[in-house]
Amino acid sequence: MTDDKDVLRDVWFGRIPTCFTLYQDEITEREADPYYLLLPRISYLTLVTDKVKKHFQKVMRQEDVSEIWFEYEGSPLKWHYPIGLLFDLHASNTALPWNITVHFKNFPEKDLLHCHSKDVIEAHFMACIKEADALKHKSQVINEMQKKDHKQLWMGLQNDKFEQFWAINRKLMEYIPEDSGFRYIPFRIYQATTERPFIQKLFRPVAPGGQLHTLGDLLKEVCPTAITPEDCEKTIQVMIHGIEPMLETPIQWLSEHMSYPDNFLHISIIPRPTD
Amino acid sequence: MGFGCLTTMDSLKTFEFDALGDNRGCSVQSPAMAMPSSLLWAVDIFGRVYTLATTGQYWELCKDGQLEFKRVSAVKQCCWGIACDHQVYTYVFSSDVPIRYQEETYENQRWNPVGGFCEKLMPSDRWQWSDVSGLKHQQLDSFTLPSPHWEWESDWYVDENIGGEPTEKGGWTYAIDFPATYTKDKKWNSCVRRRRWIRYRRYKSRDTWAKIISLEDPSQLPDPFNDISIGGWEITDEPAGRLSVWAVSLQGRVWYREDVCHHNPEGSLWSLVATPGEVVQISCGPYDLLWATLWEGQAIVREGIDRNNPHGISWTVVESPGSENGIMHVAVGVNVVWAVTKDRKVWFRRGVNSHNPCGTSWIEMVGEMMMVNVGLNDQVWGIACDDRAIYFRQGVTSSELSGKTWKAIVSGRESDRSQTGSSTSLLSAGCFFSDEVRDQANSIIQSDGDVSSDTESPRVPPNHADAPLSGAAVSSNENNADSQKEVGTHLAVDPLDSAQEEANSTSSSSEKAGLEKPESSVDQDTHPAELQWTNIDLKEAHKNPVLTSSAFRETSSVSSLGLFPVGIEEPYGTDEHPFWAWVSGGGCLVDLHSPLKWFTIQTGLSSSVQSLSLSITPAQTAAWRKQIFQQLSERTKRELENFRHYEQAVEQSVWVKTGTLQWWRSWKPHKWMDVRVALEQFTGSDGVRDSILFIYYMHHEEKKYIHVFLNEVTILVEVLNDSKHSFALYTPERTKQRWPIRLAAATEQEMHDWLALLSMCCCESRRIQGPPSHHAVWSVTCKGDIFVSEPSPELEAAPHLIPCDQMFWRQIGGHLRLIECNSQGIVWGIGYDHTTWVYTGGYGGGFIQGLASSADNIYMQSDVKCVYIYENQRWNPVTGYSSRGLPTDRYMWSDASGLQECTKVNTKPPSPQWSWVSDWYIDFNVSGGTDREGWQYAADFPASYHGHKTMKDFVRRRRWVRKCKIVTNGPWLEVPPITLWDISIIPSSAADEEDSIAVWAISDKGDVLCRLEVTQQNPAGTSWLHVGTDQPFISVSVGAFYQVWAIARDGSAFYRGSVSPKRPAGDCWYHIPSPQKQKLKQVSVGRTSVFALDKNGNLWYRQGITPSYPQGSSWDHVSNNIRKVSVGPLDQVWVIADKVQGSHSLSCGTVCHRKGVQPLEPKGLSWDYGIGGGWEHITVRGNATEAPKVALQDTSEEHLAKSLDPEDGENGRKGDQSKANVMVIEGQELDRNAVSC
């Protein structure tokens, strides 16, 4: 018998076991052992990999080290996507641990953003939160908050402090009862196969008649290719935080309970494994 | 030994009621989960009576709609009204508990040598059939039903239970002579005998208007009635519950209805009360306020109303606020009086209270009202002049009794709503219906010239309130047409035609009247047959064209499809509102905490979203939700299980919270000292958080500290303390010593913050989260706080039991007096105010907010309790009883012990969370009885008090009581409407899922009830089944195999035979004598064991129970010093004991567990001590977790051998001693600072 609040905890404390291996072409003084780490799904690569950096920098010379970047099976991993999203999109049906390759050279300027310090991550994180609140509440809630509240959101994410984060974030998840939901749902749909980085459109959680829109309604509206007709075999998976919610799930509920800390619902559409 | 079976009770039918009581006026769907709701009553201008529930949003037509009414006056349980025949009617709500009255008579016989005992009595004897005193002749057949609203429940039968003792067959009691003391034993010198015959009559006219029939002399009868007002229930407390009913007759005389009370809802007779003038209107408040309006325009106030004198003594005149405009209408509450003068202005009377019912001056209020009415909590309702809508006075609080502003109630009627539905269906039906409409309208027009009343087909209701205004009719017709156009309708019928049609009806009626236009108003009175009777003054309607045009619109709304405008844009009915003539709020409780839906238009959606479905798996049974939970746990398993040895990317740091508190020093001299407190929380490698609480203090200039590992803390409990906000922290060791760590904070908020934080850390360190399981043990402290503990399987595993001082208790929000549960998750609670609550499956609540509390199933919960103080007086020869006592005497105003001074002024509610909801009033319900003024007498302080004064009584005291209320929240939902005293749930059923779960209860009036249709999905059940008894009962318990035991008020026990799932109420009561010279007060039945508790604290076990002989044969003494007992589904025995010694102090109210309970040894051997003192109640009836049976056989044999061994005398003795007493050590001074109630 679980309560909705337990979902929040499960989402926050989700971890992905990862194995970091140094790219073979990097110059090292000694053999670099792979480094194993449990990564929080809800955080960002560059925020949680200090230990990885330190580990590999121990076996390298100072002059060979420039900005760290990560890659999986040839694709550079965008650090500004949450780790859980990256995993679901690229490696969800592969064997664990997730094998990530660490690079210190040849930063792919076209594919990745630079991340020189934690401030860059903070700025990106806060920008996402503000954008989400603009969609949900016309930015009223986020603007009413003080600077220290914003800071608390960031500190909660950085230090993995669930209560600290949600003490403030719950305000962003409120809405006037008359409306039965947010103004628009902040979501992004990612598909590994397309050129477009993601799909983001305006979508209301409640129909004019008062019924709640579901995940299926959202997909039908913004990404119809994702919906397989009844009788056909399902070829794709719609994944959030590593699970496949039923299409009947109300989108308002998903937004409140299964958003990432940046308040966005990051949804991955991936091909279904055929085994 | 022995028992008596009341076979005559077989004929007693057990009456069943459906869920009417729960569904009163509620628009919420599921009957089992009706929220507590009270009703606002109103009468519209057509005489129809409507009620509006505080949880509903539409006016519902009164169930019995046969009559038309002029006035109504309501209280919570009933409503009195005056119908258009000027007769008085009463409407009593049906409920699961019937209104029954016991009639009795005695059959007397004298012994003579010839015929033995026979009816031949001596001439000087009493009647053969008489009342108890023998003075009145009361033959069996002379008993008649007092009115047609009563019916006999059964025939006469003999009472075979006298004073708790069963009598012989035949029910005779014997004595030497009349009158004397009767005993059930026939002695050699018993010359007379008598027996008591009983018959019950039942009030049957419930949920219907019952006419008050006066059987007296017609010449004495009051003339037809004009006004009625009821109130006065606060003067006389429950359970007698007398109601004051005042009425005014057409000739201006005031009548009082005598003897209206719970078991006599119609009262007995009208008595005349003299008045200084002709009275036109009267208003009675819940307490002792009574105002009336004289024809001349002044008000008169009744003085001297009190408990002994509900009529009052005299009248005082109060002048009207303005000299030109007299008072037309007056309304009173508890502390307020409102009036309306003839110019429709509203006035508030300042300075009204119990000592000064006349008040001091008038204040003018904004608003023009026809009438006002004061409801419960001094809330005010009014009906406005211009639109005849009902207004609510917003902002009335105890500090602001006159409120702030009037707010209109826009709720529509249930009937309007259904028409809204019909309008949309018409729309969608399209042309098909529109054709019909046209035809009908056309046909009406065609019969234009037809003057006969056929034109006034039922389709066009002749609302002749508007009709006579033919002068205004034309203009109003135009208004009608305009307004209809405004609404934007496209009439299928030509608007002119419909207006024409209206004009036709009006003109035809005026033709019928055959008079000129202006006089048609008069004529309407003379043709009542055509008129639809209205409440309003027709002349007044004439003055107000606005009224008529909207009345026209209302006509068309009420009218049939014939006039129905097709193609209407807006939903119909939102512009219309009913027109009201009278409102009564005497039964309507408006709570500031529960919002009303009456002031805004609700859309259809929100009302359907209101469904309150309660289930133990809280309303989250949607498949998608289940799948999400399931997938998340699978994901965690997949991604984490095999990788726990990996390092965490983000390191958990130590997190500290510090603060300053006060600590009760543990060495002498005990006092509070300021300390610094730090809570350190660190995360272990496996992710589990552990916390330590440090307390830093100074001792002899040295800095020292004590620390507690939070995973050792067993309970955190708030302690009532006059000056400090303090709480106690226990570990197993400290529980043994009865010496917790006591900390105090500066403010209540700070204390709650710490308690919430500490309890969250304790739960985390024990990995406890979410709601308690079905096997949880629930307990309640003397303060009303609720604690729950999760039992480990070894808790009841003999022989190596886990000591119960290691049980971890966490708090659940709410305030209750007792809780009962079973192993299927059904949990019920009863508050101090006897309100019944059912558990919703949540956790947290109270001060535990945020994430440690479940979201959906926490609701507001409130409780009311009484605070007592005593007024003490000593007699002296000079002035008699006075408040001047001896120097050694107790305070003149004190608590029960006399040691603390408690005056009316300085006595505060128990804590800041409580607030007063009544004033101080004399308590007549003290044990020992009181005289008419509430005094109890004794020889000296302290002694046993009695209610009558004797020569030797030099002191007296009087108990004052004041009610205070707490509003909190918790996982509880109220189960209206019956208030309960005790409850019991079958511990665990061997039966299958479909059978409903047996729940037995005792109402606070002593009725025995069974709750029907309790299931896991619907733990609150649907309705009560009343099980008849001859006297009030005080305790009930149902065992695992449907054994139902109960204790009656006289202290005797009863066993209910043949209870089964098919016969939930069993068939008859078997009387079980109580242990010698003891009066029982509580019983608890487990799987097979039956334990009972008597009023002297002795615990008894029922010996000799076998499947064929479930009543057992005798009582075995188990222990003394017990306050409460609870026997669980494994026959485990837990008690609350009174005096238990710890190594540091004595405590009362301690949880104890009986050790050594086994099938061969059901009474157990010794006691294990757990948490306490300060505990009031415990229930272990949910814990059915059987421990793994390990080598049980050998050890039990061992034990048996030991105790039977006669040579081992010491062992035997020890066994006896531990069996006998829980705890001992009299004479040891009670440590007043011990944690206690």
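Shown above is the structure to which this text applies.
Residues numbered from 1 in each chain as written. Chains lettered and ligands numbered in written order. Predicted model: local features only at pLDDT ≥ 70, side-chain atom pairs only at ≥ 80, totals over all residues. Heavy atoms only, no water.

Caption draft 1: Representation of the overall build of chain B in the model. For chain B, the count of helices and strands is 13 helices and 74 strands. Evaluated residue by residue, chain B yields a buried proportion of 55% over its 1237 residues. Of the roughly 54000 Å² that chain B leaves accessible, carbon and sulfur atoms contribute 52%. (Helix = DSSP H or I, 4+ residues; strand = E, 2+ residues; numbered from the N terminus. Buried < 20%, exposed > 50% of the residue type's maximum accessible area, 1.4 Å probe, protein only. Areas by Shrake-Rupley, 256 points an atom, 1.4 Å probe, with all protein chains shown as cover.)

Caption draft 2: Region of interest: the sheet that holds strand S2 (residues 39–44) of chain B. All names here are of chain B. The antiparallel open sheet is built from four strands, whose spatial order is S4-S3-S2-S33. Each edge of the sheet is formed by a strand with only one pairing partner; in this case those strands are strand S4 (60–61) and strand S33 (580–584). By the bridge criterion, five bridges tie S2 to strand S3 (residues 49–53) in an arrangement that is antiparallel. Residue tryptophan 41 lies in a different strand from S3, and its bridge partner there is threonine 51. (Pairing = 2+ DSSP bridges.)

Caption draft 3: Spatial organisation of the interface of chain B and chain A. With 37 residues of chain B at the contact, the number on the chain A side is 47 residues. Interface area for chain B against chain A, summed over the two sides, is near 3800 Å², with a carbon-plus-sulfur share of 57%. The interface formed by chain B and chain A holds three salt bridges in total. Measuring nitrogen to oxygen at the nearest pair gives 2.7 Å for the salt bridge that ties Glu639(B) to Arg41(A). Applying the counting rule to chain B against chain A returns 12 residue pairs in polar contact (both at pLDDT 80 or more). (Contact = heavy atoms within 4.5 Å. Buried area = accessible area lost by both parts, 1.4 Å probe. Salt bridge = Lys/Arg side-chain N within 4 Å of Asp/Glu carboxyl O. Polar contact = N/O pair within 3.5 Å; in protein donor to acceptor, adjacent residues only side chain to side chain.)

Caption draft 4: Region of interest: the packing of helix H7 (residues 147–158) of chain A against helix H8 (residues 162–172) of chain A. All names here are of chain A. Two elements in contact, H7 and H8, have axes separated by 8 Å at closest approach and are oriented at 125°. Our classification of the angle between H7 and H8 gives oblique. By crossing handedness, the relation of H7 to H8 is classed as left-handed. Contacts between H7 and H8 involve Asp149, Gln152, Leu153, Met155, Gly156 and Leu157 from the former and Gln164, Phe165, Ala167, Ile168, Asn169, Lys171 and Leu172 from the latter. Considering only residue class, the contact of H7 with H8 consists of seven nonpolar, four polar and two charged. (Axes fitted to C-alpha atoms, helices over the stretch in contact; angles between N-to-C directions. Parallel < 35°, antiparallel > 145°, perpendicular 65-115°, else oblique. Left-handed = near helix turned anticlockwise from the far one by under 90°. Nonpolar A, V, L, I, M, F, W, Y, C, P; charged D, E, K, R; others polar.)

Caption draft 5: Structural detail: the packing of aromatic side chains. Residues and elements named next belong to chain B. Under the counting rule described, the total for this entry stands at 57 aromatic pairs over all chains. Put simply, the rings of Trp41, Phe69, Tyr89, Tyr91, Phe93 and Trp209 touch in pairs and so form one group of aromatic residues. When the ring centre of tyrosine 200 is taken as origin, the NZ or CZ atom of arginine 100, which lies over that ring, is 3.8 Å away. When the ring centre of tryptophan 1069 is taken as reference, the NZ or CZ atom of arginine 1056 above it lies at 4.9 Å. (Phe/Tyr/Trp six-rings, centres within 6.5 Å; stacked < 30°, edge-to-face > 60°. Lys NZ or Arg CZ within 6 Å of the ring centre and 35° of its normal.)

Caption draft 6: Spatial organisation of helix H5 (residues 118–137) of chain A. Residue and element names in this part refer to chain A. Over its 20 residues, H5 extends 28 Å from the first C-alpha to the last, a length consistent with the 28 Å expected when each residue adds 1.5 Å. Residues of H5 that are buried: Ile121, Glu122, His124, Phe125, Met126, Cys128, Ile129, Ala132, Asp133, Leu135, Lys136 and His137. Buried residues belonging to H5 abut helix H2 (45–48), helix H6 (140–144), H7, H8 and strand S6 (187–191). Positioned one or two residues after H5, lysine 138 has a phi angle of 55°, which is positive. (Expected span 1.5 Å × (residues − 1).)

Caption draft 7: A look at the pairing of strand S66 (residues 1099–1103) of chain B. Residue and element names in this part refer to chain B. Counting buried positions over the five residues of S66 gives four, a clear majority of the element. For S66 and strand S67 (residues 1114–1119), the ladder comprises five bridges, and the chain directions are antiparallel. Considered in S67, the bridge of tryptophan 1100 is made with histidine 1117.

Caption draft 8: Representation of the sheet that holds S67(B) within the structure. All names here are of chain B. Spatially, four strands are ordered S64-S65-S66-S67 in an open sheet, and the strand pairing comes out antiparallel. At either end of the open sheet lies a strand with only one pairing partner, and these are strand S64 (1080–1085) and S67. Neighbouring strand axes in the sheet, compared pairwise and without regard to direction, differ in orientation by 30° on average.

Caption draft 9: The packing of H5(A) against H7(A), seen in detail. Residue and element names in this part refer to chain A. The N-to-C vectors of H5 and H7 enclose an angle of 120°; their axes lie 11 Å apart at closest approach. Taken together, H5 and H7 sit at an angle that is classed as oblique. As H5 packs across H7, the resulting crossing turns out to be right-handed. Contacts between H5 and H7 involve Lys118, Ile121, Glu122, Phe125, Met126, Ile129 and Lys130 on the former and, on the latter, His150, Lys151, Leu153, Trp154, Leu157 and Gln158. In terms of residue class, the contact of H5 with H7 is made up of seven nonpolar, two polar and four charged.

Caption draft 10: Fine view of the environment of Pro17(A). Examined against the element boundaries, Pro17(A) turns out to sit in strand S1 (residues 15–22). Expressed as a C-alpha distance, the spacing of Pro17(A) and Pro40(A), which sit 23 residues apart in the sequence, is 9.0 Å. For Pro17(A), the contacting residues outside a window of four places in its chain are Leu37(A), Leu38(A), Leu96(A), Pro97(A), Trp98(A), Glu639(B), Phe643(B) and Tyr646(B).

Caption draft 11: Quick look at the nonpolar core. Ranked by internal contacts, the top residues of the largest apolar core, which has 87 residues, are Phe20(A), Phe56(A), Trp98(A), Val102(A), Ile189(A), Leu254(A) and Met258(A). In terms of residues, this core owes the most to one element, helix H4 (residues 83–91) of chain A, which gives six residues. Those residues in contact with Leu254(A), other than ones at most four positions away along the chain, are Leu215(A), Ile240(A), Pro245(A), Thr249(A), Ser259(A), Leu265(A) and Ile628(B). One finds Trp828(B), Ile985(B), Val999(B) and Phe1054(B) within the second-largest nonpolar core, a separate group that totals 39 residues. (Core = buried A, V, L, I, M, F, W, Y, C linked by side-chain atoms within 4.5 Å.)

Caption draft 12: Region of interest: unusual backbone geometry. Of note, the amide linkage connecting Leu96(A) to Pro97(A) takes the cis form, showing an omega dihedral of 0°. Among the structural elements, Pro97(A) can be located in the loop between H4 and strand S5 (98–103). Residue Pro977(B) is bonded to the preceding Pro976(B) through a cis peptide linkage, with omega at -5°. Mapped onto the fold, Pro977(B) is located in the loop between strand S55 (972–974) and strand S56 (980–985). The residue Asn263(A) is not glycine, and still its phi comes out positive at about 70°. Position of Asn263(A) relative to the elements: it lies in the loop between helix H10 (251–257) and strand S8 (265–271). For Asp259(B), which is not a glycine, the phi torsion comes out positive at approximately 65°. Its location among the elements puts Asp259(B) in strand S20 (residues 254–260). When its relative accessible area of 41% is taken as the criterion, Asp259(B) is described as partly exposed.

Caption draft 13: Structural context of the environment of Asp179(A). Residues and elements named next belong to chain A. Tracing the backbone through its elements, the reader meets aspartate 179 in the loop between H8 and S6. Note on aspartate 179: relative accessible area 40%, which makes it partly exposed. Remark: the alpha-carbon pair of aspartate 179 and glycine 210, spanning 31 residues in sequence, is separated by 9.1 Å.

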